[in-house]
Amino acid sequence: MRISLIFLAFFFSLATFAGIEQAPPSFFYNYQKIVWADFQDAHYSLVYDIKKQKATATTTINFHLQEAGYPVFDNVTTPTKVYINGEETRQSLIPMPQNVTQARIVETYLEAGDHQLIIESPISNGTRWNRVSQGPRHKKVVSVASGFFIKDLTDRLFLEKYVPSNYEYDQYKMTFDVKILNSKVSHNVFANGDVTELAKNHIRIEYPQWYGSSSVFFHLVPKSRFVRYYLTYPSIDGRQIPIIIYSAFRFFNKMLKDRAFEVLAELENDYGPWPHPQVLIYGNNIRGGMEYPGATATSLVSLGHELQHSYFAKGLVPANGNSGWMDEAIASWRDKGHQTHELPFFSHSNIGGQSIYKRNTDKRSYEYGRSFMAYVDYRLKEIGKAGLKDFLRQYFEKRKFTTVTTEDFRSDLEEYAQMSFELDFDQYIYGQSIEKNNVHSHYHENPHHPQLTIEELESLI
Ligand SMILES: [Zn+2]
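Residues numbered from 1 in each chain as written. Predicted model: local features only at pLDDT ≥ 70, side-chain atom pairs only at ≥ 80, totals over all residues.

What to know about the sheet that holds strand 9 (residues 102-106)
Next up, step 1: Spatial ordering of the open sheet is given by 1-2-5-9-8, a layout of 5 strands whose pairing is mixed. One side of each edge strand has no neighbouring strand; the edge strands of this open sheet are strand 1 (27-29) and strand 8 (91-95). Averaged over neighbouring strand pairs, the angle between their axes works out to 45° when direction is ignored. (Pairing = 2+ DSSP bridges. Helix = DSSP H or I, 4+ residues; strand = E, 2+ residues; numbered from the N terminus. Axes fitted to C-alpha atoms, helices over the stretch in contact; angles between N-to-C directions.)

A short note on the sheet that holds strand 18 (residues 227-234)
Next up, step 1: Taking strand neighbours across the sheet as the criterion, the 5 strands line up as 18-19-20-22-21 in an open arrangement whose pairing is mixed. Single-partner strands in this sheet number two, and they are strand 18 and strand 21 (289-292). Adjacent strand axes in the sheet meet at a mean angle of 15°, parallel and antiparallel pairs treated alike.
Next up, step 2: Here strand 18 pairs with strand 19 (residues 240-247) via 8 bridges, running antiparallel. Note that in strand 19 the partner of Leu231 across the bridge is Ile243.

A short note on helix 5 (residues 365-382)
Next up, step 1: Over its 18 residues, helix 5 extends 25 Å from the first C-alpha to the last, a length consistent with the 26 Å expected when each residue adds 1.5 Å.
Next up, step 2: Where burial is concerned, most of helix 5 is hidden: 15 out of the 18 residues are buried.
Next up, step 3: Looking one or two places after helix 5, you find Gly384, whose phi comes out positive at around 90°. (Expected span 1.5 Å × (residues − 1). Buried ≥ 20, exposed ≤ 12 C-beta atoms within 10 Å, placed from the backbone.)

A few points about the domain arrangement of the protein chain
Next up, step 1: Partitioning the protein chain into structural domains gives domain 1 (34-222), domain 2 (227-311) and domain 3 (317-442).
Next up, step 2: Between domain 2 and domain 3, the residue contacts involve 8 residues of the former and 10 residues of the latter.
Next up, step 3: When residues of the side of domain 2 that touches domain 3 are traced back to their parent elements, those giving at least two are helix 2 (250-271) and helix 3 (303-308).
Next up, step 4: Split by residue class, the side of domain 2 that touches domain 3 holds 3 nonpolar, 4 polar and 1 charged. (Domains from an automatic or database assignment. Contact = placed C-beta atoms within 7 Å. Nonpolar A, V, L, I, M, F, W, Y, C, P; charged D, E, K, R; others polar.)

Quick look at unusual backbone geometry
Next up, step 1: One non-glycine residue with positive phi stands out, namely Tyr31, at about 65°.
Next up, step 2: The residue Tyr31 is located in the loop between strand 1 and strand 2 (32-35) in this model.
Next up, step 3: Given 5 C-beta atoms within 10 Å, Tyr31 falls into the exposed group.
Next up, step 4: The backbone phi angle of Asn85 is positive, close to 50°, even though this residue is not glycine.
Next up, step 5: Tracing the sequence through the fold places Asn85 in the loop between strand 6 (81-84) and strand 7 (87-89).
Next up, step 6: Classification of Asn85 by C-beta neighbours within 10 Å gives exposed; the count is 12.

Topic: the environment of Tyr70
Next up, step 1: Turning to its location among the elements, Tyr70 is positioned in strand 5 (residues 70-73).
Next up, step 2: According to the C-beta neighbour criterion, Tyr70 is buried, with 21 such atoms within 10 Å.
Next up, step 3: With 33 residues separating them in the primary sequence, Tyr70 and Ala37 have C-alpha atoms 9.4 Å apart.
Next up, step 4: Among residues more than four places away in sequence, those in contact with Tyr70 are Gln32, Lys33, Ile34, Val35, Ile105, Val106, Glu107 and Tyr109.

See below:
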C-alpha cells in the first residue's frame, strides 16, 4: 500500500512537471555549455504608456536547471536589461545547432538548481497606437491595441515574438499584469485565461499551469471596438460553457455562432466534452485562421478546423517542431471527411524527423499527414478495430493537457492496435529511406493556415 502511494505520488509529480525531459539535448557553443531551463512560473508586467507611445514588458521567470551551464530563453525583440538572481547580466542571440533557428542565452554560468531571471524588453511587435484627429495638422494617440497572435509554420512566431518565453516543450504558470497609462479610453483584454479587471485600465490574466509558448491568446483593445456576443454552450457533460464571439459585424458574429454550435456538437460527439473552460472566437476576414486552447482568431471557413485544434494541437500540445505535423494531419483528416486509404499517396517523407532544435511545423504536414492518417484508419479497420476516430478519442482522454511527441502517438497507437507501426513511421514520417521529396516541389498552401503577409497579420491587431 505504501509503495503504491509513493509510486502514485511520483507518477503525478512527473505529470505535473512534464516538459524538461522533452527538451532538446544541451550542446556546446564557443566552448560554452548551453542548457535548457524548466520554467516554473513567469510573471509578465506589461505597461502601455499612451503619452510616451511606449510599451514595455518586465518579465520575472523562476526556473530550474538540471545541469550547470548557460540557459536558453527566447525573445525576438532585444531585451534592454537582464538580471539573474538579482545581479545585472547580459544576454546574446546565438544560432541553434545545425543553424535551424536562433535563440537567446543568459551570459552567466549557472549551477544546477533554482534561479530567477528578470528581463526588461520593448513590446514592439503586435502593438498599434490608435490616433484621433485633433485638427488638420494634429493627431493625438488616445488608445492602444496589442495582439500576441502566433503562427506555427514560420520560425520564432510563438509567444517569444512579443515577450520572453521558452521552447514549446515547457509548460509553466503565466500571469499577465496589464496596465494602460495616461489614457481616458477604457480598454479590455480578450484572453483564454482568467481575466480580472482590477481597476480601469489595469487587468490581470492568469493562464492555466499547463500552457506553454504556443498557448497564450492575448488581445488588448479599446472597449468600444468590435461587436461582442456573450453566450453559453450546453456541453454534453452538463456545463454551460461561456462563449465570447467578437468581430467587426453583428451578422458575422451570428454566422460564427451558428457554425460554432454545429462544430462543437460534432467534436463533443467524436472526442468527448469540450476540454476548455471557454470558447473564444475572434472573427476576421483574413484568410485562414489560427488556433489556441479554447480560442481562435479565424475566418468563417476555417472555424471548424481551428476548433478541432482545441483538442489536437491545443488540448494536447506538440512538444517540438517534429511533433507539430500530427496537429495538421488530424485536423486535415477531418476537413476531408475522415477518409480511409489502403496506402498513403506518397512514398516517404521526414515531416516528423528533422532537427530536434527546430520549432516550426513542416508545411507538408497537411497533405502528407492527412494521407497517413487515412492509411492508419484503413489499417485499424482491417484488423477489426473501430478506426482512427475511436483511437483518437482514447488517446486524447489519456494525454490531454500534456506535451506529446510523435513517439507518444505511435506507442499509444500500437497499444490500441496490438500491432507494430514502426516501419510505417520510419518510412512515412521519419524519412528513414532516402528523402527525395522536397518542400518546394510538393508543398501546396493549406487554405486554413496560408502564408500571411506582414500587412495581413498586422491588420488583426
Ligand atoms: Zn491547422
